[in-house]
Amino acid sequence: MLLTVVVADAARMAAIRDGLPAPGRVLRYTTSNLASVFESIRANQPGLIVIDSVFMQTPAGHGFVERIRGLSLPKLVLQAAVFERGHWTMAPLDVQPAAVEAAPTPRIIAVTAGLETRRVPRFLVQDGVQATGEGDTIQVVDLSGLGAQIISQPLMRPNQKIKIGLPDKDTGIVHVVASVAWSVFEKSAKAPEPYFRVGMEFNNAVREALEEYCRRHCSPDPLPIRR
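Residues numbered from 1 in each chain as written. Predicted model: local features only at pLDDT ≥ 70, side-chain atom pairs only at ≥ 80, totals over all residues. Heavy atoms only, no water.

S.K.: Describe in detail the pattern of salt bridges, supporting the description with residues and values.
M.R.: Enumeration according to the criterion identifies nine salt bridges in this entry. Note that Glu212 is salt-bridged to Arg215, the shortest N-O span being 2.6 Å. Residue Glu212 and its partner Arg215 are both found in helix α6 (residues 207-217); the two are separated by three residues, about one turn of the helix. Of the residues examined, Arg215 reaches a relative accessible area of 58% and is grouped as exposed. (Salt bridge = Lys/Arg side-chain N within 4 Å of Asp/Glu carboxyl O. Helix = DSSP H or I, 4+ residues; strand = E, 2+ residues; numbered from the N terminus. Buried < 20%, exposed > 50% of the residue type's maximum accessible area, 1.4 Å probe, protein only.)

Pasting the structure below:
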């Protein structure tokens, strides 16, 4: 089972607990004793650590994050807890949070760190492609010859290699291997359960086949680049 560690000051911990659902078994720590928190992280080796974005902007928060990275824990995902527009959400920790009251949406933060460095045009999938990723069903949101954005219930971690099967009624399943570029935990009123929005990259070897797939299953107009 996924172990999640949440770190925030005492004043904001209750708000984060109530407003930001966390996956798996959750351990919550305040910032009053960071040495103890660090030792717990070292001992338990969680798969997901969520740190309050306000604390991250302090010297103590910056130093704490660097100490965690120094542990080189395998398959660890670091996320920031950000409060914006009346809602709590998670954002990749590698992206420096903006001022809390004007933080960009988690999707914009995520794509800035991932596929939005767009080398080729991306296209919106038109027919709700239900693909498979490591045996689980995933929803493909948009696609290009070099990458995709998907929705996944299971956690997918940055740099993880995923075997993807894209359904096609004419040619059968198109099999590709992808590398996860970014992964953001989200919860929507329109979805019955929380999920992960994931950006992934393919290698050049499958680019031609994927471009053909885009022509059959995606909108003819490329998605605009967000600035």
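S.K.: Would you mind going over the nonpolar core in detail, with residue names and values included?
M.R.: One finds Leu143, Ile164, Met200 and Phe202 to be the most contacted residues of the largest nonpolar core, which totals 40 residues. Residues within four places of Ile164 in sequence aside, it is in contact with Ala131, Thr132, Gly133, Ile138, Val174, His175, Val176, Ala178 and Met200. (Core = buried A, V, L, I, M, F, W, Y, C linked by side-chain atoms within 4.5 Å. Contact = heavy atoms within 4.5 Å.)

S.K.: Outline the sheet that holds strand β5 (residues 87-92), listing residues and values.
M.R.: Strand order across the open sheet formed by five strands is β2-β1-β3-β4-β5, with mixed pairing between neighbours. Looking at strand neighbours, the two that pair on one side only are β2 (25-30) and β5, the edges of this open sheet. Going from strand to strand, the sheet's axes swing by 25 degrees on average, the running direction of each strand aside. Where strand β1 (residues 3-8) lies against strand β3 (residues 48-52), four bridges are found, and the strand directions are parallel. Each bridged residue has a counterpart across the sheet, and for Val7 the counterpart in β3 is Ile51. Packed on one face of the sheet, helix α4 (residues 59-70) meets β1, β3 and β4 (77-84) and runs near 170 degrees to β3. (Pairing = 2+ DSSP bridges. Axes fitted to C-alpha atoms, helices over the stretch in contact; angles between N-to-C directions.)

S.K.: Kindly report on α6, identifying the contributing residues and their values.
M.R.: Of the residues making up α6, those classed as buried are Leu210, Tyr213, Cys214 and His217. Buried residues of α6, seen end-on, are gathered within an arc of 105 degrees and therefore sit on one face of the element. Relative to its buried face, α6 has exposed residues pointing more than 90 degrees away, namely Glu208 and Arg215. Considering only its buried residues, α6 is in contact with β6 (123-125), β8 (136-143), β10 (161-166), β11 (174-186), β12 (195-202) and β13 (218-222). (Arc of directions from axis to C-beta.)

S.K.: I'd like a description of the packing of aromatic side chains, backed by residues and values.
M.R.: Taken as a whole and judged by the stated rule, the model has three aromatic pairs. Considering the side-chain rings of Phe83 and Trp88, the 5.1 Å spacing of their centres and the 55 degrees angle between planes classify their relative orientation as tilted. Classification of Trp88 by relative accessible area gives buried; the value is 13%. One residue, Arg67, lies across the ring of Phe38, its end atom 3.8 Å from the ring centre. (Phe/Tyr/Trp six-rings, centres within 6.5 Å; stacked < 30°, edge-to-face > 60°. Lys NZ or Arg CZ within 6 Å of the ring centre and 35° of its normal.)

S.K.: Tell me about the state of the cysteines, and name the residues and values.
M.R.: In total, this model carries zero disulfides according to the counting rule given. For Cys214, which is in no disulfide, the shortest distance to another cysteine sulfur is to Cys218 and amounts to 4.2 Å. Given the relative accessible area of 6%, Cys214 is considered buried. Residue classification places Cys218 among the buried positions, given a relative accessible area of 4%. (Disulfide = S-S within 2.5 Å.)

S.K.: Tell me what's going on with the side chain of Asp168, and back it up with residues and numbers.
M.R.: Tracing the chain through its elements places Asp168 in the loop between β10 and β11. Separated by 2.8 Å, the side chains of Asp168 and Arg216 make a polar contact. Aside from chain neighbours lying at most four places away, what touches Asp168 is Tyr213, Arg216 and His217. (Polar contact = N/O pair within 3.5 Å; in protein donor to acceptor, adjacent residues only side chain to side chain.)

S.K.: Let's hear about the packing of helix α2 (residues 34-44) against α4: which residues, and what values?
M.R.: With their axes 11 Å apart at the nearest point, α2 and α4 run at an angle of 20 degrees to one another. Here α4 runs roughly parallel to α2, going by the angle between their axes. Judged by the sense of rotation from one axis to the other, the crossing of α2 with α4 is right-handed. Contacts between α2 and α4 involve Leu34, Val37, Phe38 and Ile41 from the former and Ala60, Phe64, Arg67 and Ile68 from the latter. (Parallel < 35°, antiparallel > 145°, perpendicular 65-115°, else oblique. Left-handed = near helix turned anticlockwise from the far one by under 90°.)

S.K.: Any details on the pairing of β8? Residues and values, ideally.
M.R.: The pairing of β6 with β8 spans two bridges and is antiparallel. Directly across from Phe123, in β8, lies its bridge partner Leu143. In this sheet, β8 lies alongside strand β7 (residues 130-133) in antiparallel orientation, the contact comprising four bridges. Looking across to β8, one finds that Thr132 is bridged to Thr137. Both β8 and strand β9 (residues 147-152) contribute to a ladder of five bridges, which runs antiparallel. What sits directly across from Gln139, in β9, is Ile151. Where β8 folds back onto β9 in an antiparallel hairpin, the turn is made up of three residues.

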